[in-house]
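Coordinate inspection notes
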Amino acid sequence: MESHYKYFNRDISWLSFNHRVLLEADDDTLPLYERINFIAIYSSNLEEFYQVRVAEHKAVASGGKSEDMTVGEAHALIQRITEVVNHQLEDRVRIYEQKILPELRRNHVVFYQSKNEVEDFHKEFVHRFFIEEVFPYLQPMKIEPENVRFFLRDKRLYLAVKVRKIGADNSEYYLIKMPYSKVPRFVELPFHEGNYYLMFLEDIIKANLQEMFVGYDVECSYCCKISRDADVFVDDVPAESMVEKLKEKVKKRKIGAICRFVYDRKMPVDFLEALVKALGINREELVPGDKHLNLENLSFLPNPNPAIPQMVKPQPMCLPGMNEKHFMYRRIAKRDMLLYYPYHGFEHFIRFLYEAVRDPFCREIMITQYRVAEHSEVINALIAAARNGKHVTVFVELKARFDEENNLATAELMRKAGIDIIFSIPGLKVHAKVALVLRENDKGERLRSYAYVSTGNFNEKTAKIYADIALYTCNKQIVEDMYTLFRVLRKELKESHFKRLLIARFNLLPELKQLIQKEINLVHKGKPGRIILKMNALQDTAMIDELYRASEAGVQIDLIVRGICCLVPGESFSRNIRVTRIVDTFLEHARVWYFGNGGDPKVFIGSPDWMRRNLYRRIEAVTPILDGKLRQELTDMLNLQLSANRKACWVDNHLQNVFKRKPGNDDVRAQYDFYEYLKRKLAED
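Residues numbered from 1 in each chain as written. Predicted model: local features only at pLDDT ≥ 70, side-chain atom pairs only at ≥ 80, totals over all residues. Heavy atoms only, no water.

**Describing the overall build of the chain**
- Regarding its fold elements, the chain presents 18 helices and 28 strands.
- In terms of its C-alpha atoms, the chain occupies a principal-axis envelope of roughly 90 × 60 × 55 Å.
- Relative to its full complement of 685 residues, the chain shows a buried share of 58%.
- Sequence separation of at least 24 residues holds for 75% of the intrachain contacts in the chain that already meet a minimum separation of 6.
- As presented, the chain carries roughly 30100 Å² of accessible surface, and 48% of it is formed by carbon and sulfur atoms. (Helix = DSSP H or I, 4+ residues; strand = E, 2+ residues; numbered from the N terminus. Buried < 20%, exposed > 50% of the residue type's maximum accessible area, 1.4 Å probe, protein only. Contact = heavy atoms within 4.5 Å. Areas by Shrake-Rupley, 256 points an atom, 1.4 Å probe, with all protein chains shown as cover.)

Here it is in structure tokens:
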């Protein structure tokens, strides 16, 4: 019997999320440069989407193997993605040209958008800057279809130029790579009569092309770029060959298959045809873009006018008395503790590690590494622990996309310091964000030990912009469960049993299904059933079906899903499900699950989203929140996010971002209001 349930396509759902990011640039109440930054984030997100997801679909469309779709389905999906992206790019052009640029001018910043806009009083500067600062780094490459001898670099911007030799009948085509490693993308021009001026480097080059093509007429020029397949697949590699194979594949990422050719949509058809033929571009890879590409660079746009208001962001709080000896140890021993990054500073975790480094009873530190910062304070603390005689074990996930090289480098650094490194298990990722400090006395008897379970990575840089939650506890059952988990990762155990932690591939899915079924049973008994699930992505159809079943039974369900959401709300089978999306200053990254449980709520935090990869192919760790006051804190946070009417929207059954209400006197802005909530709690301590 065919199911009557429906699901959104994963990629189209993600594009809906990215469009929501773009809409932040349309918000006139935000500081100007914050809006510009959201255009940059939207563009950067889209670039990675093409490098990974679209590249994968193109491989299937070309005859590659896939368990999820046929060749025809892959072609249809690529076409649908192109349609959605083109529609969104029209929105980006509108916001950028009709709102951002005029607002810059109102703030006395004139951002030239072409060589034709340059005022007479700047023309000499533009020419001199080109000759002195840019010209030495330019090397035009002639495009000859029968003799292509150059390689287009991934994500690099190129200027395609059409010229005609004086007296000749035929045109010639050249490509010029933009020298951004030598010259900034955005050039500040001299201040003039109360106004500041900025200009794109490519427009400076366009204004001076005649200097490069002496004896030619320059007919026209347009920007273009390519995106290459950046996925790295090593799951079919034996464990002993994993590191070397990964190094080899990462090196080849820059020469991956072309998955997108983006060009200025105003480029004439004959010009585009010449490029397609010469570069061997597949027509399915063509994506029309703006005059200025790589707008992710806008995050580096200079602000020459100090009078333009900047975003005042919540500053990380420190718990009182943090400089006292054994502060973290004593605080955790007193009761479980939740910290909310970036509202609380990540230095609390660094302090926690260094207390272990100096603790004479600390025998062992175990931790997972998925994404860490370059020059990581976490890694430095672990190295200090190893040098101080502690046994340190780090499970390094090599397959963290775009972080493979950093993980390889930091693993080698730690290995040289005497740290035991466990690398990825073939066919399996370890995405859990956990740490364990084991303590013993001189007789080998276990003393109070400490466990850490988080929704976010051990990365002090992303901890400033990702909204995550971490539990610090010395609960004996959680400590023992975590020790069991690390023994599993070290292949010391074949059978395992977890009393408190929910671990993907072991007990997570059965427990989740039981929790949902209990809410259904409550409704059947005439009692209210309540579920609130906060996560980054919801894709697994089996778990979506569980939620549909609960909705049909009458359980009230609220989902707070930032990104991918394949569940379709507003249908007969989902009439009791609402989907909220929050996009604001910080990236919502926490996973929090609330089950009403007949008035005695069960609340969990952890690392997994409800994606197939998380639930079935990764090691993920979820912890219950056992302290009643902490459960109430999380419940208050969830209710605040559900009541938010600013920066929060509903996702409807057509994947539209439906804003709850226009800003007014009764605004609820969840991130900022929760920060104030935590400040009040801190004052009460």
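**Details of the sheet that holds strand S27 (residues 648–651)**
- Strand order in the open sheet made by the nine strands is S18-S26-S24-S23-S19-S20-S21-S27-S28, with mixed pairing throughout. Looking along the sheet, the strands with just one partner apiece sit at the ends: strand S18 (502–503) and strand S28 (657–659).
- Where strand S24 (residues 602–606) meets strand S26 (residues 621–624), three bridges bridge the pair, whose relative direction is antiparallel. Counted as the bridge partner of Ile605 is Thr623 from S26.
- Packed on one face of the sheet, helix H17 (residues 628–643) meets strand S19 (530–535), strand S20 (556–561), strand S21 (577–582), strand S23 (591–595) and S24 and runs near 80° to S19. (Pairing = 2+ DSSP bridges. Axes fitted to C-alpha atoms, helices over the stretch in contact; angles between N-to-C directions.)

**Thoughts on the pattern of salt bridges**
- Tallying each qualifying case throughout the model produces 39 salt bridges.
- Across the salt bridge formed by Asp11 and Arg53, the nearest N and O atoms sit 2.8 Å from each other. Within this pair, whereas Asp11 is found in helix H1 (residues 10–23), its partner Arg53 is found in helix H2 (residues 32–61), the two being separated by 42 residues in sequence. A single burial state applies to Asp11 and to Arg53, both of which are buried.
- Through salt bridges that share partners, Asp26, Asp28, Arg35, Asp91, Arg94 and Lys99 make up one connected network. (Salt bridge = Lys/Arg side-chain N within 4 Å of Asp/Glu carboxyl O.)

**Examining helix H8 (residues 269–279)**
- Every buried residue of H8 is listed here: Phe271, Leu272, Ala274, Leu275, Val276, Ala278 and Leu279.
- Summarising the contacts, the buried residues of H8 are in contact with strand S3 (158–165), strand S4 (171–177), strand S7 (216–228), strand S8 (258–264) and strand S9 (286–289).
- The positive-phi residue at the C-terminal boundary of H8 is Gly280, with phi of around 65°.

**Regarding the packing of aromatic side chains**
- Inspection of the entire model under this criterion finds 38 aromatic pairs.
- Taken together, a centroid distance of 6.1 Å and an interplanar angle of 70° make the contact between Phe111 and Phe186 edge-to-face. In this pair, Phe111 is assigned in strand S1 (residues 109–112) and Phe186 in strand S5 (residues 186–192), connecting sequence segments 75 residues apart.
- Judged by centre distance (5.8 Å) and plane angle (80°), the rings of Tyr343 and Phe674 are edge-to-face. In this pair, Tyr343 sits in the loop between strand S10 (337–341) and helix H10 (347–358) while Phe674 sits in helix H18 (residues 670–684), placing the two residues 331 residues apart along the sequence. Each member of the pair, Tyr343 as well as Phe674, carries the same accessibility label: buried.
- Each residue in the set Tyr329, Tyr341, Phe346, Phe349, Phe352, Tyr450, Tyr452, Phe458 and Tyr472 is aromatic and connected to the rest through ring pairs, giving one cluster.
- Stacked on the ring of Tyr483, the Lys or Arg Arg446 has its end atom at 5.5 Å from the ring centre. (Phe/Tyr/Trp six-rings, centres within 6.5 Å; stacked < 30°, edge-to-face > 60°. Lys NZ or Arg CZ within 6 Å of the ring centre and 35° of its normal.)

**What to know about the confidence of the model for the chain**
- When pLDDT is averaged along the chain, the result is 90; 92% of the residues meet or exceed 70.
- Predicted confidence is poor over residues 232–240, with pLDDT under 50, and the contacts of this stretch with residues over four places away or in other chains come to 18 contacts. (pLDDT = per-residue confidence, 0-100.)

**Some thoughts on the state of the cysteines**
- Scanning the entire structure with this criterion turns up zero disulfides.
- Cys565 takes part in no disulfide bond, and the closest cysteine sulfur, belonging to Cys566, lies 7.1 Å away. (Disulfide = S-S within 2.5 Å.)

**Considering the environment of Tyr675**
- Within the secondary structure layout, Tyr675 lies in helix H18.
- What makes Tyr675 buried here is its relative accessible area of 10%.
- Leave out the neighbours within four places in its chain, and Tyr675 touches Pro314, Gln315, Met317 and Tyr343.

**Digging into the pairing of S19**
- With five of six residues buried, S19 lies mostly within the body of the structure.
- As paired elements, S19 and S20 share six bridges and run parallel to each other. Each residue of the ladder has a partner; that of Lys534, found in S20, is Ile560.
- Each parallel crossover has a hand, and for S19 linked through helix H15 (residues 541–553) to S20 it is right-handed.
- Here S19 pairs with S23 via four bridges, running antiparallel. Within S23, the residue paired with Ile532 across the bridge is Tyr594. (Right-handed = clockwise from strand over helix to strand, strands pointing away.)

**Regarding a positive patch on the surface**
- On the surface, Arg500, Lys518, Lys525, Lys527 and Lys602 cluster together to form a positively charged patch.
- Overall, the relative accessible area of 48% leaves Lys527 in the partly exposed class. (Patch = residues over 30% accessible without salt bridge, like charges linked within 9 Å, V, L, I, M, F, W, Y side chains within 5 Å. Lys, Arg positive; Asp, Glu negative; His and termini not counted. Charge placed at Lys NZ, Arg CZ, Asp CG, Glu CD.)

**Quick notes on the environment of Ile531**
- One can find Ile531 in strand S19.
- Between the alpha carbons of Ile531 and Val603 there is a distance of 10 Å; along the sequence they are 72 residues apart.
- When near neighbours in sequence (up to four residues on either side) are disregarded, Ile531 contacts Ile516, Glu519, Val555, Gln556, Ile557, Asp558, Tyr594 and Phe595.

**Some remarks on the side chain of Asn441**
- With respect to the helices, strands and loops of the structure, Asn441 is situated in the loop between strand S15 (434–439) and strand S16 (450–454).
- Judged by its relative accessible area of 16%, Asn441 falls in the buried class.
- A polar atom in the side chain of Asn441 sits 2.9 Å from the backbone nitrogen of Lys443.
- If we ignore the near neighbours within four places in the chain, the residues touching Asn441 are Phe361, Arg363 and Leu447. (Polar contact = N/O pair within 3.5 Å; in protein donor to acceptor, adjacent residues only side chain to side chain.)

**As for the nonpolar core**
- Membership of the largest hydrophobic core comes to 120 residues, with the highest contact counts inside it found for Phe111, Leu547, Leu559, Leu567, Trp593 and Trp610.
- Per-element accounting of this core gives the leading share, 13 residues, to H2.
- Discounting residues that sit within four places of it in the chain, Phe111 has contacts with Tyr96, Leu101, Leu104, Glu117, Phe186, Leu198, Met199, Phe200, Leu298 and Leu301.
- In terms of nonpolar packing, the next biggest core, distinct from the first, is built from 75 residues, Met322, Val357, Ile383 and Ala435 among them. (Core = buried A, V, L, I, M, F, W, Y, C linked by side-chain atoms within 4.5 Å.)

**Thoughts on the sheet that holds strand S6 (residues 195–200)**
- Strand order in the open sheet formed by three strands is S1-S6-S5, with mixed pairing between adjacent strands. Each edge of the open sheet is held by one strand with a lone partner, namely S1 and S5. Between one strand and the next, the sheet's axes are offset by a mean angle of 25°, whatever the strand orientation.
- By the bridge criterion, four bridges tie S1 to S6 in an arrangement that is parallel. Looking across to S6, one finds that Phe111 is bridged to Leu198.

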